[in-house]
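One-letter residues, chain by chain:
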Amino acid sequence: MEKKVSLTFIAGENVELWAPSVENVELYAKWINLPSGRLYSRTPLPQSISQLKKILEPQSEDSIKTSIYFEIYHKKDMKSIGIVGLSDINWLNRNAHFFVNIGEPEYWGKGLAVESLKLLIIYSFEDLNLHKLYTGVFTPNKQSIRVLEKLGLIHEATLKEEMYVDGTYYDALKYRVFKKEWFERMEK
């Protein structure tokens, strides 16, 4: 396999977080549109390559950046395997929604979502000086719930029958972490 030039922004043990690349937009579309991956995701509608390219286009210097995305690069296998990032960044109140999508199913259940989110959380609190990060997951998504619990996030609320999938309503679980409690936990 041809070795790519390192675009490392944040390095972890098994993964690196890279700035997303327009050259990989077809790969991102594949991950987002993967039926098994999007079943309980927040993007139930198909995403086109042109839609994703618009997201990756540079914003004007006058606009406030409300999303930050990273490509997850597997160091040993030298390949991109997913996306992690922040959305709905509120710079005034210093909070943001976070997400992860391991797009390659053969990498599910290997702790790479946990590692990628740890890197993102540290970046969010140390470099961006955010105060609170939050996310949501639907009850049938047991893998994502385990990831959030491994990270030690706090279950803050349950929204009853929030999502309708294949004839059934499911609850949405809301999780959060504050900067202070994250670093207190890291010191232990």
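Everything numeric in this text was worked out from a predicted model, so none of it was measured.

What counts as what
- Residues numbered from 1 in each chain as written.
- Predicted model: local features only at pLDDT ≥ 70, side-chain atom pairs only at ≥ 80, totals over all residues.
- Heavy atoms only, no water.
- Core = buried A, V, L, I, M, F, W, Y, C linked by side-chain atoms within 4.5 Å.
- Buried < 20%, exposed > 50% of the residue type's maximum accessible area, 1.4 Å probe, protein only.
- Helix = DSSP H or I, 4+ residues; strand = E, 2+ residues; numbered from the N terminus.
- Contact = heavy atoms within 4.5 Å.
- Pairing = 2+ DSSP bridges.
- Axes fitted to C-alpha atoms, helices over the stretch in contact; angles between N-to-C directions.
- Parallel < 35°, antiparallel > 145°, perpendicular 65-115°, else oblique.
- Left-handed = near helix turned anticlockwise from the far one by under 90°.
- Salt bridge = Lys/Arg side-chain N within 4 Å of Asp/Glu carboxyl O.

1. Observations concerning the nonpolar core
(1) Moving on: Within the largest apolar cluster, 36 residues are counted, with the highest numbers of intra-cluster contacts made by Leu86 and Leu133.
(2) Moving on: At the level of secondary structure, the elements contributing two or more residues to this core comprise strand 2 (15-18), strand 3 (68-74), strand 4 (79-90), strand 5 (95-102), helix 4 (112-126), strand 6 (132-138), helix 5 (142-150) and strand 8 (168-178).
(3) Moving on: Top element by residues in this core is helix 4. It accounts for nine residues.
(4) Moving on: Every residue in contact with leucine 133, bar those within four places of it in the chain, is listed here: Leu86, Ala96, Phe98, Ile121, Ser124, Phe125, Tyr175, Arg176 and Val177.
(5) Moving on: Core analysis: the next-biggest nonpolar cluster, separate from the first, contains seven residues, Val25, Tyr28, Trp31 and Leu52 among them.

2. Description of the pairing of strand 1 (residues 8-11)
Within a regular strand, the side chains alternate between the two sheet faces.
(1) Moving on: Of the strand pairs in this sheet, strand 1 and strand 2 are connected by three bridges, and their pairing is antiparallel. Across the sheet, residue threonine 8 finds its bridge partner in strand 2, namely tryptophan 18.
(2) Moving on: Hairpin connection, strand 1 to strand 2: the antiparallel pair is bridged by three residues.

3. Describing the packing of helix 1 (residues 25-33) against helix 3 (residues 49-56)
(1) Moving on: Interhelical geometry of helix 1 versus helix 3 gives an angle of 115° and a closest axis separation of 9 Å. When the interaxial angle is binned, helix 1 and helix 3 end up roughly perpendicular. As helix 1 packs across helix 3, the resulting crossing turns out to be right-handed. Residue-level contacts link Val25, Glu26, Tyr28, Ala29 and Ile32 of helix 1 to Ile49, Leu52, Lys53 and Leu56 of helix 3.

4. Some remarks on the pattern of salt bridges
(1) Moving on: Under the counting rule described, the total for this entry stands at six salt bridges.
(2) Moving on: Between lysine 30 and glutamate 104 there is a salt bridge, with its nearest N and O atoms 3.0 Å apart. With lysine 30 in helix 1 and glutamate 104 in the loop between strand 5 and helix 4, the pair connects residues that are 74 residues apart, well separated along the chain.
(3) Moving on: For lysine 30, a relative accessible area of 43% corresponds to the partly exposed category.
(4) Moving on: Taking the relative accessible area as the measure of exposure, glutamate 104 reaches 6% and is therefore buried.
(5) Moving on: Between lysine 79 and glutamate 106 there is a salt bridge, with the nearest N and O atoms lying 3.3 Å from each other. In this pair, lysine 79 is assigned in strand 4 and glutamate 106 in the loop between strand 5 and helix 4, connecting sequence segments 27 residues apart.
(6) Moving on: Glutamate 106 gets classed as partly exposed once you look at its relative accessible area, which sits at 44%.

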